[in-house]
Amino acid sequence: MADFCKIPKNPVIDVLTKEKGSKFLGFLFPVNNEEEVAEELNNIKKLHHQATHHCYAYRLGFEGENFRINDDGEPSGTAGMPIYNQLLSHDLSFCLLIVVRYYGGTKLGVSGLIQAYKECAAAVLETSSSVVRHKWQKLSLQFPYTSQNEVFQWIEKYKLQIDDQQFAEDCRMWLQIRQKDAESLKRDLDNHFKIIADWDEV
């Protein structure tokens, strides 16, 4: 199971393409969950309330396993699917891609619609940049002050991210570790009974 994926670095707003009088406006948003999808979609619908269609596709999860496409009244398969296929071809997840259409008075036909939505979605993604998102696990460590050298060796070895720390006679640290390295660290920790670890999914 993948512990990383590509995500949009920043939103992309108002990428315009045209086809036979119809205007297509594309938007790309990084999103973490379906609540954020709904929020961004509602914002675009309010902003472009006079548009004919608000078609979209989104992918969530490190393998894009949670996804949805929506044609918003266009013939089935002519809008949401071309948008979704562009997300697949760019291997992006945790993102929402919306294409807003203002009808220009000339029908495009099935093949024309597919091409128009594909071109707008592609234009959006061509102007975007991506970053890698890793899957992390959170853990907290409780340990005596005398064990701190071992803890810092693990921090360096596993490239742990420190969220917070408290040092006294009894110390505590809140950390994050890449999912792929978690099992190895757990085995190391099992051999040190003075150190208590609590794990939690991010």
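Each value, and the rule that gives it
Residues numbered from 1 in each chain as written. Predicted model: local features only at pLDDT ≥ 70, side-chain atom pairs only at ≥ 80, totals over all residues. Heavy atoms only, no water. Salt bridge = Lys/Arg side-chain N within 4 Å of Asp/Glu carboxyl O. Helix = DSSP H or I, 4+ residues; strand = E, 2+ residues; numbered from the N terminus. Buried < 20%, exposed > 50% of the residue type's maximum accessible area, 1.4 Å probe, protein only. Axes fitted to C-alpha atoms, helices over the stretch in contact; angles between N-to-C directions. Left-handed = near helix turned anticlockwise from the far one by under 90°. Contact = heavy atoms within 4.5 Å. Nonpolar A, V, L, I, M, F, W, Y, C, P; charged D, E, K, R; others polar.

1. Some points on the pattern of salt bridges
- This model, assessed by the stated rule, comprises five salt bridges.
- Across the pair Glu-74 and Arg-101 runs a salt bridge, and its minimum N-O distance is 2.9 Å. Here Arg-101 lies in strand 6 (residues 95–102) and Glu-74 lies in the loop between strand 5 (66–70) and helix 2 (80–89), a separation of 27 residues in the sequence.
- Judged by its relative accessible area of 9%, Glu-74 falls in the buried class.
- In this structure Arg-101 comes out as buried when scored by relative accessible area, which is 4%.

2. Some remarks on the packing of helix 2 against helix 3 (residues 109–126)
- One can describe the packing of helix 2 onto helix 3 by two numbers: an axis separation of 8 Å at closest approach and a directional angle of 35 degrees. For the pair helix 2 and helix 3, the sense of crossing is right-handed. When helix 2 is examined against helix 3, the residues Pro-82, Ile-83, Gln-86 and Leu-87 are found in contact with a partner set consisting of Ile-114, Tyr-117, Lys-118, Ala-121, Ala-122 and Leu-125.
- By residue class, the composition of the contact of helix 2 with helix 3 is eight nonpolar, one polar and one charged.

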